[in-house]
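Chain residues, written in single-letter form:
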Amino acid sequence: MHDKRHRVVNLSVHDASTHTDPTNLSASNIDPDDIGYNDSANPTFESILAVRLSRRNFLLGSASSSAMAIFGGVSLTALAGYDSEEAVAATLAPAERKLGFKAVAKTIADVVSVPEGYNYSVICALGDPLRAATAAYKNDGTDDDYENRFGDHHDGMEYFGLSTTGTPDPASNDRALIGMNHEATTNNEFSSCFLHANGGTNTLPRPTAELDKEMAIHGIAVFEIKKTAGEFGYVKNSDFNFRIHPNTPVEIHGPARGNALLVTQYSPTAEMTRGTLNNCGTGRTPWGTLLTGEENWAGYFTRVSSDNAVRNDKSVTSLNRYGRLAGLKSRHGWEGDTTNAARDSKYRRWEISQTGATAADDYRNELNCVGYIVEVDPYDKTRTARKRTAMGRFAHEAAAFSTATVGKPLAVYQGDDARSEYIYKWVSEEKWSAADATASDRLAVGDKYLDNGKLYVAKFNADGTGNWIELAFSNPAIAGYAAYRFADQADVCVNSRLAGDAVGATKMDRPEWSAVNPANGEIYFTLTNNTNRVAAASTTASVTSNADTSKHKHQADAANPRVYSDVHGTSKKTSSGNVNGHIIRIKEGAGDSAAITFNWDVYLFGAESTAASTINLSNLTADQDFSSPDGLVFSPSTGICWIQTDDGAYTDVTNCMMLAALPGQVGDGGDVEVAGTKVVTKRGKLPTADTLKRFLVGPVDCEITGVCESPDGKAMFVNIQHPGENTNTADVADPTKYTSKWPSNAGYGAGQRPRSATIVITRNDGGKIGY
């Protein structure tokens, strides 16, 4: 997710008929972490796609693990708990499969809409207690004990089956653990407005009681679900339930463990840090653990305007590349009263200026302790989570595993969700052993496959081919990079973006979720949008504030080809660039996840159905059109690709949504020349009414994100994130001014304040979802 949920979004009425060709117009205000701080001379994917395509590109973003990741990366036919009908359905060619439901219409109603013949219920929401001793949620801003409640902004999640005796059972359809991310919280200013009785304090310094609440609702939750009398619910007093939040101790693993770049006052040995932050997409390892990606974390920190001069070393280059320019304010003001040097370190850690004699005397390196894939054992809350530094540091979305094949290394596919950032692949040094799927020490297995291996970054070529470039200190382009002098492999991992710059990786349109197609092993990435894409390159003065994005404009290319303008209805406000996003897919060379070459095409282009054919390149109908693809997951049961949106461009016509798709394969379409740019690109086979349609539309101001299902494919769990996020903080006391009242208006919970929540969807006839 690109975390639109807390930025100011233009939700004016959208005029679907008004589109113009490339124009360099002002971008709307967005999360500063999404701006993108990539000023390298590397080619952009759009420039490549422009050579192949034309105008803006990819959709979606942040996909939870693919079917393979969700159930351990094992081939479908080898999965216990899946009947032969399901296994066959997942591997049939798209021409032999059809989606079996009536498309849901676009709507701006404050409800959750599902197809005819389906129903949904809310399982849990922000604030619900995770233990018997915690009081029921009042939802009026007076609640506390958030360390023992569900957090906010439910995001990526994974299903971990439980047997009747409480042991791991991937075939269990009636009892399971859900590992779920709590990415962020709703704020239009500093405070999380719905969390506090009066909307919270929006001047600095803020009261520590408010800061404590807001920290506790970030991180992850692991909770038990159980089917009783045919209906799923969460188990409030389960011994399995636990939370990890920004103050929970976490271990550092991989090349950066013990490295000087991670030394802090909290951990002078650089072996520990606190918590996990802004967790977005997820992954499920073949050995049954949860991977969670730290995404838009940089904006939570601040440093004084004089810090560059005090540091006077290469760390300034790193900080700027990751978006923490000196003098920028933090997102929430969690640093507390900076004039009080004696305040608790849980507040001081968010102020990352160099103030002490050594790194062990301050938190100058605290930013280097976030931005990783974090591994959690959902079955054992006594085990300390581990940050896997070898897999790179950036704005992580999902972690999608290749199919686990005995005797072959494992690959994990990852996107960096910021404008003009890169796509990455991790390949383990160790080859997969089937015995590791049921090992008792699951985190030790993670050490084996996720601490040693090779990290690659993608370069897309205009002819539909591509290369994986290894990010190794031994690579002369990295070792000799003049813009930043790398010291060792740990430095390469901590500064993956700079390493990608050094080797000439392709700048993409905000790579979000990744997912692997269980039918053929191809990898899909959502490219959600990019208002920094322009028809011609431009440069201006240096960035001076979070909202100043002018320096970071990049020319369209083959992989990111579209640039157009979109006028929003009666307000006549205009967005430009790759407004609606697209989805790109990759086929590894020789079908091998360790390959260093690949082929690619664009599976779908997001667009309104009424847009010109030069924009609606996938010929989407009113039952298929979408904008800003984000979440992306393949069902291991049915092979359906679930596409979720996090949009601000089309929300006057429809709330965010989830679509079902039956993709083909890379190369099943053909060349297309984009009118206006005369760029030829590779476009996937056009969807039909049977292979792509809208399945769900959420309530007002929400994002649809995170999806997992029971092994039989008959129960689907989906997250509804931040309904009502555009409510003004000043209106918190007046429910009549809330932009959404979901889920209370659906009969769930106390109060009227909107809440992020998890729902379960089933078919009325008990059948499989989507068919």
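Everything quoted here is computed from the prediction, not taken from an experiment. (Residues numbered from 1 in each chain as written. Predicted model: local features only at pLDDT ≥ 70, side-chain atom pairs only at ≥ 80, totals over all residues. Heavy atoms only, no water.)

**What about the overall build of the protein chain?**
Stated precisely, the cut-off is as follows: Helix and strand definitions follow DSSP, with helices as H or I runs of at least four residues and strands as E runs of at least two, each counted in order from the N terminus. We call a residue buried when its accessible area falls under 20% of the maximum for its residue type, exposed when it is over 50%, and partly exposed in between, using a 1.4 Å probe and counting protein chains only. Contacts: residue pairs with any heavy atoms within 4.5 Å of one another. Residue burial considers only the protein chains on display, and all accessible areas are found by Shrake-Rupley using a 1.4 Å probe.
A count of helical and extended segments in the protein chain gives 11 helices and 37 strands. Looking at the protein chain residue by residue over its 771 residues, the buried ones come to 66%. Counting contacts in the protein chain only where the partners sit at least 6 residues apart, residues at least 24 apart contribute 72% of the total. When the accessible surface of the protein chain is totalled, it reaches about 23100 Å², and 51% of it is carbon and sulfur.

**What to know about the nonpolar core**
Worth spelling out the cut-off: Here the nonpolar core consists of buried residues drawn from Ala, Val, Leu, Ile, Met, Phe, Trp, Tyr and Cys, with membership extended through side-chain atoms lying within 4.5 Å.
In this structure, Trp 642, Ile 643, Phe 695, Leu 696, Ile 759 and Ile 761 are the most contacted members of the largest nonpolar core, which totals 48 residues. Of all the elements, strand β31 (residues 657-661) adds the most residues to this core, at 5 residues. Those residues within four positions of Ile 761 in sequence are excluded, and the remaining contacts are Val 114, Tyr 118, Asn 119, Tyr 120, Phe 695, Leu 696, Lys 714, Ala 715, Met 716, Val 718 and Ile 769. Trp 426, Leu 455, Val 457 and Phe 486 belong to the second-largest nonpolar core, a separate cluster that totals 32 residues.

**Topic: the pattern of salt bridges**
Should the charged atoms of two oppositely charged side chains come close, the side chains can pair. Convention followed: In the sections that follow, a salt bridge refers to a side-chain nitrogen of Lys or Arg positioned within 4 Å of a carboxyl oxygen of Asp or Glu.
A complete count under the given rule lists 39 salt bridges for this structure. As a salt-bridge pair, Arg 349 and Glu 366 come within 2.9 Å of each other at their nearest N and O atoms. Taken together, the positions of Arg 349 in the loop between α7 (345-348) and β12 (373-376) and Glu 366 in the loop between α7 and β12 put the pair 17 residues apart, joining distant regions of the chain. The residues Arg 349 and Glu 366 share a single accessibility class, namely buried. When salt bridges with common partners are traced through the structure, they connect Glu 251, Glu 375, Arg 386, Arg 388, Asp 447 and Asp 451 into a single cluster.

**As for the sheet that holds β31**
Note the cut-off: Note on pairing: DSSP must find at least two bridges between two strands before they are called paired. Axes here refer to lines fitted to C-alpha atoms; in helices the fit is confined to the stretch in contact. Angles between the N-to-C directions go from 0 to 180 degrees.
Pairing is antiparallel across the open sheet formed by 4 strands, whose spatial order is β29-β30-β31-β34. Each edge of the open sheet carries a strand with a single partner, namely β29 (629-634) and β34 (692-697). Along the sheet, successive strands turn relative to each other by an average axial angle of 25 degrees, direction set aside. Sheet analysis places β31 next to β34, joined by 5 bridges and oriented antiparallel. Its bridge partner lying in β34, Ala 660 is registered against Lys 693.

**What about helix α4 (residues 208-216)?**
Every buried residue belonging to α4 is among Glu 210, Leu 211, Lys 213, Glu 214, Met 215 and Ala 216, and all of these are buried. Those residues of α4 hidden inside the fold are in contact with β7 (242-244) and α7.

**A word on the confidence of the model for the protein chain**
Here is the rule we go by: Per-residue confidence from the predictor is reported as pLDDT, which spans 0 to 100.
When pLDDT is averaged across the protein chain, the result is 88; 86% of the residues are at 70 or more. Taken as a whole, residues 49-89 scores under 50 in pLDDT and shows 259 contacts with residues more than four places along the chain or in a different chain. Long-range and interchain partners of residues 538-550, a stretch whose pLDDT sits below 50, account for 25 contacts in this model, where long-range means more than four residues apart.

**Quick word on the sheet that holds strand β9 (residues 272-274)**
The strand order across the open sheet formed by 6 strands is β9-β8-β13-β12-β11-β10, and the pairing between neighbours is mixed. A strand with exactly one partner marks an edge of an open sheet, and here the two such strands are β9 and β10 (279-284). This sheet shows a mean twist of 35 degrees between the axes of neighbouring strands, independent of strand direction. Where β10 and strand β11 (residues 290-294) come together, 4 bridges link them in antiparallel fashion. Bridge pairing links Thr 282 to Thr 292 in β11. This element, helix α8 (residues 442-450), spans β8 (249-253), β11, β12 and β13 (386-388) of the sheet and lies at about 15 degrees to β13.

**A closer look at the environment of Leu 99**
Mapped onto the elements of the fold, Leu 99 is located in the loop between α3 (84-91) and β2 (118-125). Not counting residues up to four positions away in its chain, the partners in contact with Leu 99 are Ile 640, Ala 660, Ala 661, Leu 662, Asp 690, Thr 691, Leu 692, Lys 693 and Gly 770.

**Observations regarding the pairing of strand β17 (residues 423-431)**
In this structure, strand β15 (residues 409-415) lies alongside β17, joined through 6 bridges in antiparallel fashion. Each bridged residue has a counterpart across the sheet, and for Ala 411 the counterpart in β17 is Val 427. Bridge analysis of β17 against strand β18 (residues 453-460) gives 5 bridges, and the strand direction is antiparallel. Bridge pairing links Ser 428 to Gly 453 in β18.

**Side note on α8**
In plain terms, the rule: Summarising the geometry, the arc corresponds to the directions from the helix axis toward the C-beta atoms.
Considered for burial, the residues of α8 that qualify are Arg 442, Leu 443, Val 445, Gly 446, Tyr 449 and Leu 450. Buried residues along α8 cover an arc of 150 degrees about the axis, so they all sit on one side.

**Considering the pairing of strand β3 (residues 154-161)**
Here β3 lies mainly inside the structure; 8 of its 8 residues are buried. Pairing between β3 and strand β4 (residues 175-182): 6 bridges, direction antiparallel. Residue Met 157 lies in a different strand from β4, and its bridge partner there is Met 180.

**A short note on unusual backbone geometry**
The omega torsion across Leu 204 and Pro 205 is -5 degrees, close enough to zero to call that bond cis. One can find Pro 205 in the loop between β4 and α4. Of note, the amide linkage connecting Trp 742 to Pro 743 takes the cis form, showing an omega dihedral of 5 degrees. Tracing the backbone shows Pro 743 in the loop between β36 (716-721) and β37 (757-763).

**Some remarks on the side chain of Asp 557**
For clarity, the cut-off: Positive residues here are Lys and Arg, negative ones are Asp and Glu, while His and the chain termini are left out of the count. Pairs of N or O atoms within 3.5 Å make up the polar contacts considered here, provided that, within protein, one atom can donate a hydrogen while the other can accept it, and that residues adjacent in sequence are counted only when both atoms are side-chain atoms.
Residue position: Asp 557 is located in the loop between β24 (554-555) and β25 (564-568). Of the side chains with opposite charge, Arg 533 comes closest to the buried, unpaired Asp 557, at an N-O distance of 4.1 Å. Polar side-chain contacts of Asp 557 include one of 3.2 Å to the backbone nitrogen of Ala 559.

**Let's talk about the packing of aromatic side chains**
Put simply, the test is: Only Phe, Tyr and Trp rings take part, Trp by its six-membered ring, and two of them pair if their centres are within 6.5 Å. Stacked means planes under 30 degrees apart, edge-to-face means over 60, and tilted covers everything else.
Inspection of every chain in the model, using the stated rule, returns 27 aromatic pairs. Aromatic pair Trp 468 and Phe 598: ring centres 5.3 Å apart, planes at 55 degrees, arrangement tilted. Taken together, the positions of Trp 468 in strand β19 (residues 465-470) and Phe 598 in strand β28 (residues 597-605) put the pair 130 residues apart, joining distant regions of the chain. Here the two residues Trp 468 and Phe 598 agree in accessibility, since each one is buried.

**Concerning the environment of Asp 734**
Tracing the backbone shows Asp 734 in the loop between β36 and β37. Classification of Asp 734 by relative accessible area gives partly exposed; the value is 26%. For the pair Asp 734 and Gln 752, spaced 18 residues apart in sequence, the C-alpha to C-alpha distance is 9.8 Å. At 2.5 Å, the side chain of Asp 734 and the side chain of Thr 736 are in polar contact.

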